[in-house]
Amino acid sequence: MSAQIISGKEVAAEIRAALREEVTQLKEQGIHPGLAVILIGDDPASHSYVKGKEKACQEIGIYSEVIRREASITQEELLKMIEGYNKNPNIHGILVQLPLPKHISEKAVIDAISPEKDVDGFTPVNVGNMLIGDECYLPCTPHGIIELIKRSGREMEGKHAVVIGRSNIVGKPVAMLLLQENATVTIAHSRTQDLASITRQADILVVAVGRAELIRAEHVKPGAVVIDVGVNRNEVGKLVGDVHFESVKDVASFLTPVPGGVGPMTITMLMKNTVDAAKKLARTMQKQ
Ligand code: GUN
């Protein structure tokens with residue numbers, strides 16, 4: 001068997017084209033969606049992710065402000081900056097790129113973002129609403145993963161989904177969203193014993209551990225849908241996922257590549273959340 005490759009790039013392009021049209025219409029109604037992206041320090045991966053976000057905003061017609069500051073910024077200065085954007089009527093979404101320098105509390109920064117502008121879906125209000133299944137901003141990578149599985153045409157209901165990884169950004173929320181799609185969900189992590197015996201039970205396998213090519217053919221049930229969230233450099237400097245693509249493609253039925261799989265979907269869901277935030281905030285203003 002050779003897996004069908006799910007091109008996140010193509011799916012993302014379709015969604016972005018629809019968003020571009022929606023933004024054009026919103027602008028005709030006087031609504032100009034705006035996103036503020038705050039980047040602290042000089043982590044090369046973060047700079048590259050932020051460039052991708054800036055480019056996507058341009059492509060769709062979203063106004064963007066990218067604020068780059070040195071790692072020496074104080075927590076107080078950063079919190080003040082966020083407070084300014086919370087009040088700024090031209091900005092509908094605020095994103096602080098993670099990770100942050102060690103002297104800054106991630107929790108304090110996330111808590112400072114107004115939940116109405118939290119297009120990352122990281123604030124406790126949005127995480128809580130996601131858990132309950134209420135209206136909220138869904139975190140971008142987990143939301144992108146669910147969209148990719150849906151568009152592959154594969155059912156989630158009743159299927160056994162195994163998520164490897166328990167981060168707040170991907171592992172925990174994607175497990176919750178799979179549960180909402182009526183999958184039976186297992187979360188595996190770095191302390192899980194006999195990982196292969198668990199992953200081999202998965203009809204849907206989501207891998208978000210940050211270990212280059214950890215998952216190989218022997219970990220995968222024949223016919224499984226495999227979603228690779230990892231972005232790593234292997235020993236020769238090549239960009240690879242958490243899944244060993246060459247061996248797993250002969251076992252899985254659907255497989256996302258790295259690059260060009262989950263990555264473009266993450267940014268696209270951020271754009272969608274920003275457009276939604278602009279629409280919601282405009283509605284709130286009209287009611288006042
Ligand atoms: N760092 C890695 N992924 C993300 C993300 O989705 N959002 C933010 N803000 N930072 C990240």
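Residues numbered from 1 in each chain as written. Predicted model: local features only at pLDDT ≥ 70, side-chain atom pairs only at ≥ 80, totals over all residues. Heavy atoms only, no water.

A.B. asks: Hey, could you run me through the overall build of the chain in this one?
C.D. replies: Of the regular secondary structure elements, the chain holds 10 helices and 11 strands. Taking 288 residues into account, the globule formula puts the C-alpha radius of gyration at 19 Å, and the chain, at 19 Å, falls close to it. Taking the principal axes of its C-alpha atoms as reference, the chain extends roughly 55 × 40 × 35 Å. Out of the 288 residues in the chain, the part that is buried amounts to 49%. Charge centroids of the chain, computed over 33 positive and 35 negative side chains, lie 1 Å from each other. (Helix = DSSP H or I, 4+ residues; strand = E, 2+ residues; numbered from the N terminus. Rg over C-alpha atoms; globule rule 2.2 N^0.38 Å. Buried < 20%, exposed > 50% of the residue type's maximum accessible area, 1.4 Å probe, protein only. Lys, Arg positive; Asp, Glu negative; His and termini not counted. Charge placed at Lys NZ, Arg CZ, Asp CG, Glu CD.)

A.B. asks: Which parts of the structure should I look at to understand helix α2 (residues 44–60)?
C.D. replies: Since the α-helix packs 3.6 residues into each turn, any two residues three or four apart lie on the same face. Between the first and last C-alpha of α2 there are 25 Å, a value that for 17 residues agrees with the 24 Å anticipated at 1.5 Å per step. The set of residues buried in α2 consists of Ser-46, Val-50, Lys-53, Ala-56, Cys-57 and Ile-60. Here the buried residues of α2 occupy an arc of 115 degrees about the axis, which is enough to place them on one side. Across from the buried face of α2, at angles greater than 90 degrees, the exposed residues are Pro-44, Lys-51, Lys-55 and Gln-58. Of the surrounding elements, those touching the buried residues of α2 are α1 (8–28), β2 (34–40), β3 (63–69), β4 (93–96) and α10 (262–287). Remark: Gly-61 follows α2 within two positions and exhibits a positive phi of approximately 95 degrees. (Expected span 1.5 Å × (residues − 1). Arc of directions from axis to C-beta. Contact = heavy atoms within 4.5 Å.)

A.B. asks: In this structure, what is going on with the site of the ligand? I would like to understand it.
C.D. replies: Neighbouring the ligand are the residues Leu-95, Val-96, Gln-97, Leu-98, Asp-120 and Phe-122. Contact distances for the ligand include 2.6 Å between a nitrogen atom and a side-chain N or O atom of Asp-120. The residue inventory of the shell around the ligand, partitioned by class, reads four nonpolar, one polar and one charged. (Near = heavy atom within 4 Å. Polar contact = N/O pair within 3.5 Å; in protein donor to acceptor, adjacent residues only side chain to side chain. Nonpolar A, V, L, I, M, F, W, Y, C, P; charged D, E, K, R; others polar.)

A.B. asks: How should I be thinking about the nonpolar core in this particular structure?
C.D. replies: The tendency in soluble globular proteins is for nonpolar side chains to be buried as a group. In terms of nonpolar packing, the biggest core is built from 52 residues, with Ile-145, Leu-178, Val-206, Ile-227 and Met-271 touching the most fellow members. For this core, the leading source of residues is α10, giving 10 residues. Contacts of Ile-227, omitting those with residues within four sequence positions, involve Ile-6, Ile-145, Ile-149, Leu-205, Val-206, Val-207, Thr-256 and Val-262. Residues Ala-36, Ile-40, Leu-78 and Ile-91 belong to the second largest nonpolar core, which totals 19 residues. (Core = buried A, V, L, I, M, F, W, Y, C linked by side-chain atoms within 4.5 Å.)

A.B. asks: Got a minute to help me understand the packing of α2 against α10 in this structure?
C.D. replies: The geometry of a pair of packed helices is captured by two quantities: the angle between their axes and the separation between those axes. Close contact between α2 and α10 brings their axes to 10 Å; oriented N to C, the two are set at 50 degrees. On the basis of the axis angle, α2 is oblique to α10. Along this stretch, α2 crosses α10, giving a crossing that reads as right-handed. Touching Tyr-49, Gly-52, Lys-53, Ala-56, Cys-57 and Ile-60 of α2 are Ile-267, Leu-270 and Met-271, all from α10. The residue makeup of the contact of α2 with α10, split by class, is seven nonpolar, one polar and one charged. (Axes fitted to C-alpha atoms, helices over the stretch in contact; angles between N-to-C directions. Parallel < 35°, antiparallel > 145°, perpendicular 65-115°, else oblique. Left-handed = near helix turned anticlockwise from the far one by under 90°.)

A.B. asks: Sorry if this is basic, but what is going on with unusual backbone geometry here?
C.D. replies: Trans is the prevailing form of peptide bonds, just as negative phi is the prevailing case for residues other than glycine. Cis geometry marks the peptide bond from Leu-98 to Pro-99; its omega dihedral reads 5 degrees. For the bond running from Val-258 to Pro-259, omega is 0 degrees, close enough to zero to count as cis. Considering the arrangement of structural elements, one finds Pro-259 in the loop between β11 (254–255) and α10. Positioned with a positive phi, Asp-194 is a non-glycine residue whose angle comes to about 50 degrees. Among the structural elements, Asp-194 can be located in the loop between β6 (184–188) and α8 (195–199). A positive phi angle is found at Glu-213, which is not glycine, with a value near 55 degrees. Inspection of the secondary structure puts Glu-213 in the loop between β7 (204–207) and β8 (225–228). Residue classification places Glu-213 among the partly exposed residues on the basis of a relative accessible area of 21%.

A.B. asks: Sorry if this is basic, but what is going on with the sheet that holds β2 here?
C.D. replies: Two modes of strand pairing occur in sheets, parallel and antiparallel, and in both the strands are linked by backbone hydrogen bonds. Taken together, the three strands give an open sheet; going across it, the order is β3-β2-β4, and neighbouring strands pair in parallel fashion. Edge strands, defined here as strands with exactly one partner in the open sheet, are β3 and β4. Adjacent strand axes in the sheet meet at a mean angle of 15 degrees when their direction is disregarded. On the sheet, helix α3 (residues 75–87) packs against β2, β3 and β4 and is oriented at approximately 175 degrees with respect to β2. (Pairing = 2+ DSSP bridges.)

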